[in-house]
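Topology and contacts: notes
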Amino acid sequence: MSLNLTTYEDLLSAITVDDGQAVHDPATGEFIGNTKMSTTDDVDAAVARAREAQQSWGALPDAERSQYLHKAADAVKESAEALAHILAREVGKPLNGPNARFEAGACEAWLRANADFEIQEEVLVEDDSGKAILSYVPIGVVGAIGPWNWPMMISIWQLAPSLRMGNTVVMKPSEHTPLSVQALVAVLNRVLPEHVLQVVPGAGDIGQAVSEHPDIDKIMFTGSTKTGQAIMRSAAADMKRVTLELGGNDAGIVLDDINVDEMAQDIFWGAFINTGQTCAALKRLYVPAAIYDELVEALAKIASETPMGQGVSEENVLGPLQNEAQRKIVADLVEEARKAGANIVTGGNPDDDQPGYFYPATIVSDIDQHNPLVQIEQFGPALPIIKYDDLDQAIEWANELDVGLGSSVWSSDEQRAREVANRLIAGTTWINKHGAVDPRVPFGGVKKSGMGLEFGVEGLKQVALPKVTAL
Ligand code: NAD
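Note that the structure is predicted; figures quoted are calculated from it, not measured. (Residues numbered from 1 in each chain as written. Predicted model: local features only at pLDDT ≥ 70, side-chain atom pairs only at ≥ 80, totals over all residues. Heavy atoms only, no water.)

As for the overall build of the protein chain
Along the protein chain, the regular secondary structure elements total 16 helices and 20 strands. In summary, the protein chain has a C-alpha radius of gyration of 23 Å against a globular reference of 23 Å for 471 residues, a match within 12%. The dimensions of the protein chain, computed from C-alpha atoms along their principal axes, are 65 × 65 × 40 Å. Within the protein chain, buried positions represent 57% of all 471 residues. Accessible surface computed for the protein chain: about 18800 Å², of which carbon and sulfur atoms make up 48%. (Helix = DSSP H or I, 4+ residues; strand = E, 2+ residues; numbered from the N terminus. Rg over C-alpha atoms; globule rule 2.2 N^0.38 Å. Buried < 20%, exposed > 50% of the residue type's maximum accessible area, 1.4 Å probe, protein only. Areas by Shrake-Rupley, 256 points an atom, 1.4 Å probe, with all protein chains shown as cover.)

Written out as structure tokens, the structure is:
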């Protein structure tokens, strides 16, 4: 490893440029550095290099690519603190709690898991009629387009399986968090062969250039449903393969047998992880009338006592929204709920003189299922809590939206919880937790929350072409 990218200063100077687009800290407005912005010519050049590099990368024995992923994980581990500081500055997420250091750690964990999965050819038939074998071969060049909320971790979700399966990768980070992804790629490229992994920072037009590029064979996309639909249309021309991880509006159903004191913290963090800016976070909570007031009060107490502030300050575990547009979405939805008569139990009154895109952790009770704060993905620190008398009604409400990423059931009785879980329409239903993704367990959405799976051996198969050999 030649360059030392283990301090924040080194890493920042390796990825910033003199002329480029300014990036600011969402907590303070402070200038962090200028990012390079790519042109469509840069995309063409990166794709050409990726295609060339894929020849030798795809021809390596699988075990060697696996070793490269372990070396990449070592490099991330060495630079973890520097990477966490880039996240804290650019995304605004605090170093502590389930935030920046946690994200850097997840990058290492997902690299190692993807290095270690066993993917073997399957003998499907072997009898007098002959033999049929199913194996998986590289697709070619993968274009990976990502969002701003977990920019490093989601990039790893896209690139680690792709590289393992012999593809090369061109990443297009969100225009809101270009430095985080460039920092991650710089660290990984200390150990990866040249041009196996490249990054083209830019806005939506560069994402579109990637998704339309005739020499890109597969798109891994994480972001909004609307952009996912545009990507599907672009991909149709060349019949590109696509994996789409899109927006959600996850429901959590609490049953009447929970111990509120024991479960309130986990419910809170299921909703407020990364200050609510998480695809599979709990975004609407259904609570039975019998324990409604008690749970609302417990969640409001936690929300009002949990420290929120600058990402780089060690004491905080909640941060600002990453960008102004997202803050406005949250603020407008809470205002609409207030006007409709909902009760803003805590939060809901941002200090407009404070610098940065802060919005207080907000608990909203006495809210109707058809209120926009329930129906629309708020993607921020505001949780609507809906009262129910009839469990069937709560399940119907949970299922009635056109998205289905995650969901959860909270109960002291596993059997009861599993019966309810079986009736929820979502890619994953957690019991007594929410959003707890695991690199070994496939993750993906149903309905307009996407298509395809990530993680585990299933995830590897999605960045490869199935190949049948019959003799
Ligand atoms: P977004 O769709 O606005 O942007 C995502 C990426 O797409 C960005 O890099 C953007 O530049 C690019 N892009 C924009 N227009 C494009 C086009 N026409 N063609 C190709 N690329 C284009 O999403 P966002 O605001 O960054 O992310 C928030 C959304 O992502 C939320 O809805 C959230 O639920 C979802 N999300 C989903 C998951 C998941 O795993 N399912 C994870 C994180 C976020």
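Topic: the sheet that holds strand S14 (residues 382–388)
Pairing is mixed in the open sheet, where seven strands are placed in the order S12-S13-S14-S11-S10-S16-S17. Looking at the sheet topology across the chains shown, the edges are occupied by strand S12 (343–346) and strand S17 (428–431). Each strand axis lies, on average, 25° off the axis of its neighbour in the sheet, ignoring direction. Alignment of S12 against strand S13 (residues 362–365), held across three bridges, turns out to be antiparallel. Note that in S13 the partner of asparagine 343 across the bridge is serine 365. On top of the sheet, helix H11 (residues 289–305) reaches strand S10 (250–254), strand S11 (282–288), S12, S13 and S14; it is set at about 140° to S11, its chief contact. (Pairing = 2+ DSSP bridges. Axes fitted to C-alpha atoms, helices over the stretch in contact; angles between N-to-C directions. Contact = heavy atoms within 4.5 Å.)

Brief notes about the UniProt feature "domain: Aldehyde dehydrogenase" (unreviewed entry) in the protein chain
UniProt annotation of "domain: Aldehyde dehydrogenase" (unreviewed entry) refers to residues 21–464 when read in the numbering used here. Between the C-alpha atoms that bound residues 21–464 the distance is 36 Å, and the span itself is 41% helix and 20% strand. (UniProt positions renumbered as here; feature names shortened; annotations may be inferred.)

Things to note about the site of the ligand
Taken together, 29 residues surround the ligand, and among them Lys172, Glu175, Ser224, Thr227 and Glu377 come closest. The contact in question runs from an oxygen atom of the ligand to an N or O atom on the side chain of serine 224, over 2.6 Å. Separating an oxygen atom of the ligand from a side-chain N or O atom of glutamate 377 is a distance of 2.6 Å. Notes on the ligand: free accessible area 860 Å², of which the protein chains cover 87%. (Near = heavy atom within 4 Å. Polar contact = N/O pair within 3.5 Å; in protein donor to acceptor, adjacent residues only side chain to side chain.)

Notes on the domain arrangement of the protein chain
Domain assignment breaks the protein chain into domain 1 (8–246 + 449–470) and domain 2 (250–431). A C-alpha centroid distance of 30 Å is found between domain 1 and domain 2. The interface is formed by 25 residues belonging to domain 1 together with 27 residues belonging to domain 2. Summed over both sides, the interface of domain 1 with domain 2 buries roughly 2200 Å², with 59% coming from carbon and sulfur. The salt bridge partner of glutamate 314 is arginine 101, with a shortest N-O separation of 3.0 Å. Counting every contact that joins domain 1 to domain 2 gives 13 residue pairs in polar contact (both at pLDDT 80 or more). For the side of domain 1 that touches domain 2, the element with the most residues is helix H4 (residues 80–90), which contributes four residues. (Domains from an automatic or database assignment. Buried area = accessible area lost by both parts, 1.4 Å probe. Salt bridge = Lys/Arg side-chain N within 4 Å of Asp/Glu carboxyl O.)

Looking at the packing of helix H5 (residues 100–116) against helix H6 (residues 151–164)
Two numbers describe how H5 lies on H6: the axes approach to 9 Å, and their chain directions differ by 15°. By the criterion of interaxial angle, the relationship of H5 to H6 is roughly parallel. For the pair H5 and H6, the crossing hand works out as right-handed. Contacts from Glu103, Ala106, Cys107, Trp110, Leu111, Asn114, Ala115 and Asp116 of H5 reach H6 at Pro151, Met152, Met153, Ile156, Trp157, Leu159, Ala160, Pro161 and Arg164. (Parallel < 35°, antiparallel > 145°, perpendicular 65-115°, else oblique. Left-handed = near helix turned anticlockwise from the far one by under 90°.)

Points about the pairing of strand S5 (residues 141–145)
Burial within S5 is extensive, with five of its five residues counted as buried. Alternating residues of S5 divide into Val141, Gly143 and Ile145 and Val142 and Ala144, and every residue in both groups is buried. In this fold, S5 hands off to H6, which returns the chain to strand S6 (residues 168–172); that crossover is right-handed. Here S5 runs beside strand S8 (residues 218–222); their pairing, made up of four bridges, is parallel. (Right-handed = clockwise from strand over helix to strand, strands pointing away.)

Description of the pattern of salt bridges
Counted by the stated rule, this structure contains 28 salt bridges. Across the pair arginine 164 and aspartate 62 runs a salt bridge, and its minimum N-O distance is 2.9 Å. Taken together, the positions of arginine 164 in helix H6 and aspartate 62 in helix H3 (residues 62–78) put the pair 102 residues apart, joining distant regions of the chain. Residue arginine 164 is classed as buried on the basis of its relative accessible area, which comes to 3%. Take aspartate 62: its relative accessible area is 30%, and that puts it in the partly exposed class. Put simply, glutamate 103 and lysine 93 hold a salt bridge, and the shortest N to O gap is 2.6 Å. Of this pair, glutamate 103 sits in helix H5 while lysine 93 sits in the loop between H4 and H5; the two residues are ten residues apart in sequence, bridging distant segments of the chain. Across this residue pair, the class does not change: glutamate 103 and lysine 93 are buried. Through salt bridges with shared partners, a single network forms among Asp25, Glu30 and Arg89.

Digging into H11
Between its terminal C-alpha atoms H11 stretches 25 Å, which fits the 24 Å expected from 17 residues at 1.5 Å a residue. Listing the buried residues of H11 in full gives Ile291, Tyr292, Leu295, Val296, Ala298, Leu299, Ala300, Ile302 and Ala303. Check the buried side of H11 and you find it contacts S10, helix H10 (260–272), S11, S12, S13 and S14. (Expected span 1.5 Å × (residues − 1).)

Structural notes on H10
For the α-helix, the turn length of 3.6 residues means that residues three or four positions removed from each other point alike. Between its first and last C-alpha, H10 extends 17 Å over 13 residues, near the 18 Å set by a 1.5 Å rise per residue. Here H10 has its buried residues at Val260, Met263, Ala264, Ile267, Phe268, Gly270, Ala271 and Phe272. Within H10, the buried residues cover an arc of 165° as seen down the axis, which keeps them to one side. On its buried side, H10 packs onto S10, S11, H11, S13, S14 and strand S16 (406–410). Here H10 starts with a cap whose side-chain oxygen sits 3.1 Å from the backbone nitrogen of aspartate 261, and that cap is asparagine 259. Looking at the residues trailing H10, positive phi occurs at asparagine 274, about 55°. (Arc of directions from axis to C-beta.)

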